[in-house]
There are 2 protein chains.
Amino acid sequence: MLPIAVDAMGGDNAPDAIVAGARRAVEERGIPVVLVGRRDELGDVGDIDVIEASEVIAMDADPGSSVRTMKDSSLVRAAEAVRDGHASAMVSAGNTGATMASALLRTGRIKGVSRPAIATPIPGPTGEPTVLLDAGANAECRAEWLVQFAQMGAVFSKARFGIDRPRIGLLSIGEEAGKGSPLVKEAWALLDEVDWSAQGAEWIGNVEGRDLMADEADVVVTDGFTGNVALKTLEGAAKNIINALLQAFDSSDEAREGAAMLLPALAPLYERFNADSYGGAMLLGTKGVCIISHGSSKDVAMLNAISVASEMVNGDLVGKIAGAVNA
Amino acid sequence: MLPIAVDAMGGDNAPDAIVAGARRAVEERGIPVVLVGRRDELGDVGDIDVIEASEVIAMDADPGSSVRTMKDSSLVRAAEAVRDGHASAMVSAGNTGATMASALLRTGRIKGVSRPAIATPIPGPTGEPTVLLDAGANAECRAEWLVQFAQMGAVFSKARFGIDRPRIGLLSIGEEAGKGSPLVKEAWALLDEVDWSAQGAEWIGNVEGRDLMADEADVVVTDGFTGNVALKTLEGAAKNIINALLQAFDSSDEAREGAAMLLPALAPLYERFNADSYGGAMLLGTKGVCIISHGSSKDVAMLNAISVASEMVNGDLVGKIAGAVNA
């Protein structure tokens with residue numbers, strides 16, 4: 001397998017945590033990796049090759065213009081490594097929009113795909129995660145794109161989580177067919193016409209925000225504005241509730257003792273709800289596997305992201321998406 | 001004060017929990033109440049007057065057509081009591097859309113208000129709740145309406161939570177001014193032109209989904225589709241995380257013992273995050289105070305809803321909203 005190109009400069013903890021995660025992927029799992037960035041700043045990279053890139057796109061830079069003007073940035077060079085056949089996939093914890101723009105502009109769209117979308121796994125208390133897309137690539141969407149998001153999401157749900165026959169839902173504000181915005185109503189009608197059993201999937205109609213963390217659907221499609229609001233609302237709610245709990249756990253000697261006794265029961269929950277366990281979001285629809293990790297990723301998140309990238313390359317995710325949208 | 005009209009038939013626990021909450025409001029807090037519904041089904045209502053209404057609009061009935069055709073329903077009769085000066089406010093835990101439609105069709109809009117909106121208090125771990133609106137009244141919105149939502153939300157935040165100078169945010173997918181859907185960009189420009197200090201409020205620009213439960217803004221405006229998705233996503237996340245915790249707390253003898261020791265520290269959190277503590281959502285923009293309680297409301301939620309209704313009547317919420325939108 002060609003190596004996974006890892007943007008060594010992207011993310012709040014770059015480059016140290018990125019290099020550490022890359023080394024673990026090579027040393028613990030035998031996954032080939034190439035780091036992209038400023039060689040001088042990377043420290044000890046072990047046996048890993050480095051593609052030199054002198055520029056770094058900041059976390060808050062404008063995605064379009066930075067990708068156009070910073071041609072020697074680690075993100076652009078990582079995408080070019082995939083385009084030119086030097087790498088099989090790219091992984092970045094950097095600027096989400098710039099990661100997407102680099103992949104899109106350098107590797108291009110899969111033939112037949114109107115718009116790539118960001119697919120984010122949402123863990124629930126039981127079952128496999130629900131794949132939400134578009135989680136923010138396209139603030140404005142056409143109804144036909146949502147049908148492709150559903151096709152791509154179903155392929156991803158199978159490849160990533162082994163779901164045999166993914167249940168596809170459309171995010172709306174009521175379960176009945178007539179509920180929602182004009183876009184949702186139009187998308188509902190188009191989604192309802194597709195022969196989903198031929199695609200090995202099942203259409204379950206509208207779902208609501210409360211179903212995202214429940215075991216109701218395997219794939220939930222929406223426009224990138226609504227998807228991003230829902231995702232961030234969910235992350236914020238989880239973070240605020242967990243922080244409040246941790247404060248309560250540390251509020252007295254008695255509470256601390258009780259919390260210690262609960263630790264064995266709480267540890268698996270933490271693992272399940274922790275975003276780091278899932279390696280990040282995936283850009284679906286470009287000619288190359290592209291993983292967008294959380295900006296706060298530490299080494300374990302990078303290790304997981306690189307592992308997922310390698311699995312998706314081996315499982316021919318790109319070929320399968322091409323097959324699904326052109327069926 | 002004129003009595004608060006309480007829809008005795010609306011909600012999953014009607015009529016028993018509704019009647020119990022109404023009795024507590026009268027007996028414990030001295031708030032005048034009139035119950036609306038099928039007198040024969042209400043049991044012992046104590047000294048409370050009943051407005052007879054023979055029909056009940058089901059929780060899943062179509063709001064528009066049921067309000068038009070079921071003229072002797074408890075919801076329509078409650079709204080008429082407000083319109084005709086027999087009640088000062090209405091409270092229902094029934095069908096949300098039908099509650100809104102009854103209030104809108106019977107009492108009408110405040111002069112100058114384009115569209116009423118549903119305002120929902122979102123509790124966070126610290127500070128006062130953030131008021132989210134529109135939480136679902138208008139699936140499709142015009143940018144000008146969002147400006148009115150902000151004005152109405154600011155009035156409500158002051159009246160309900162005593163916020164001196166509410167911070168107003170616009171829900172988007174990035175904090176920069178240019179981020180978001182076309183509606184958001186247009187609304188941003190309009191909101192940015194308003195002299196908020198003259199309204200005793202402060203405009204803080206875009207906020208994101210993660211800010212809803214944080215202490216970032218006091219009022220967050222959005223269209224009713226996005227607002228409803230965000231609200232239900234948040235409710236679903238909270239419910240799923242809390243259920244997972246409760247299971248963990250009960251998973252072994254040691255866990256149960258630890259949980260018991262944590263109880264004193266967790267009880268205030270439960271109170272803070274529990275929707276019942278806030279009495280429900282408020283319909284803003286109609287000529288009458290109208291509270292839409294959660295369908296699952298028990299007696300304490302109804303008691304709180306009736307108390308809030310009474311406070312809002314005494315504080316002249318309707319008059320203040322009229323003043324703000326016509327300033």
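Bear in mind that the values here come from a model prediction, so they are computed numbers and not experimental data.

Peer 1: Tell me about the overall build of chain A, and please be specific about residues and values.
Peer 2: Looking only at helices and strands, chain A features ten helices and eleven strands. A globule of 327 residues ought to have a C-alpha radius of gyration of about 20 Å, and chain A, at 20 Å, matches this closely. The dimensions of chain A, computed from C-alpha atoms along their principal axes, are 60 × 60 × 35 Å. Looking at chain A as a whole, 58% of its 327 residues qualify as buried. By sequence separation, contacts in chain A at least 24 residues apart represent 71% of the contacts at least 6 residues apart. Summed over its atoms, the accessible surface of chain A is roughly 12600 Å², and 48% of this surface lies on carbon and sulfur atoms. In chain A, 28 side chains carry a positive charge and 45 a negative one; their mean positions are 6 Å apart.

Peer 1: So, the relation of the copies chain A and chain B: which residues are in play, and what are the values?
Peer 2: Between the two copies, chain A and chain B, the superposition gives an RMSD of 0.0 Å; the rotation angle is 180° and the shift along the axis is 0.0 Å. On the angle and the small slide along the axis, the relation comes out as a two-fold axis. Minimal C-alpha distance to the rotation axis in chain A is attained by G258 of chain A, lying at 1.9 Å. Taken together, the interface assignments show that 100% of the residues at the interface of chain A recur at the interface of chain B, consistent with an identical surface on both copies.

Peer 1: Which residues make up the packing of helix α3 (residues 74–83) of chain B against helix α4 (residues 96–107) of chain B, and what values do they have?
Peer 2: Residue and element names in this part refer to chain B. The contact between α3 and α4 brings their axes to 9 Å, and the two run at 35°. Viewed along their axes, α3 and α4 form a crossing whose handedness is right-handed. On the side of α3, the interface is formed by L75, V76, A79, E80, V82 and R83, while α4 contributes A98, T99, S102, A103, R106 and T107.

Peer 1: Give me the interface of chain A and chain B: which residues, what numbers.
Peer 2: Between chain A and chain B, the residue contacts involve 46 residues of the former and 46 residues of the latter. Summed over both sides, the interface between chain A and chain B buries roughly 4200 Å², with carbon and sulfur atoms accounting for 77% of that surface. Of all residues in chain A, I173, F225 and M261 of chain A bury the most surface against chain B, accounting for 16% of the area lost on that side. Linking chain A with chain B are two salt bridges, by the criterion used here. The salt bridge involving K232 of chain A is made with E208 of chain B; its shortest N-O contact spans 2.4 Å. Where chain A packs against chain B, one counts four residue pairs in polar contact (both at pLDDT 80 or more).

Peer 1: Can you explain the pattern of salt bridges? Please cite residues and give values.
Peer 2: Going through the model one piece at a time under the given rule, you end up with 36 salt bridges over all chains. Residue E80 of chain A is joined to R106 of chain A by a salt bridge in which the shortest nitrogen-to-oxygen separation is 2.9 Å. Residue E80 of chain A is located in helix α3 (residues 74–83), and its partner R106 of chain A is located in helix α4 (residues 96–107); the two are separated by 26 residues in the primary sequence. Residue E80 of chain A is classed as buried on the basis of its relative accessible area of 13%. When its relative accessible area of 17% is taken as the criterion, R106 of chain A is described as buried. Here R23 of chain B ties to D44 of chain B by a salt bridge, and the two come within 3.2 Å at their closest N and O atoms. Of this pair, R23 of chain B sits in helix α1 (residues 16–29) while D44 of chain B sits in the loop between β2 (33–37) and β3 (49–52), placing them 21 residues apart in sequence. A relative accessible area of 57% means that D44 of chain B is categorised as exposed. Look at the salt bridges and you will find they share partners, linking D72, R77, E80 and R106 of chain A into a network.

About the criteria used
Residues numbered from 1 in each chain as written. Chains lettered and ligands numbered in written order. Predicted model: local features only at pLDDT ≥ 70, side-chain atom pairs only at ≥ 80, totals over all residues. Heavy atoms only, no water. Helix = DSSP H or I, 4+ residues; strand = E, 2+ residues; numbered from the N terminus. Rg over C-alpha atoms; globule rule 2.2 N^0.38 Å. Buried < 20%, exposed > 50% of the residue type's maximum accessible area, 1.4 Å probe, protein only. Contact = heavy atoms within 4.5 Å. Areas by Shrake-Rupley, 256 points an atom, 1.4 Å probe, with all protein chains shown as cover. Lys, Arg positive; Asp, Glu negative; His and termini not counted. Charge placed at Lys NZ, Arg CZ, Asp CG, Glu CD. Least-squares fit on C-alpha atoms with pLDDT ≥ 70 in both. Axes fitted to C-alpha atoms, helices over the stretch in contact; angles between N-to-C directions. Left-handed = near helix turned anticlockwise from the far one by under 90°. Buried area = accessible area lost by both parts, 1.4 Å probe. Salt bridge = Lys/Arg side-chain N within 4 Å of Asp/Glu carboxyl O. Polar contact = N/O pair within 3.5 Å; in protein donor to acceptor, adjacent residues only side chain to side chain.

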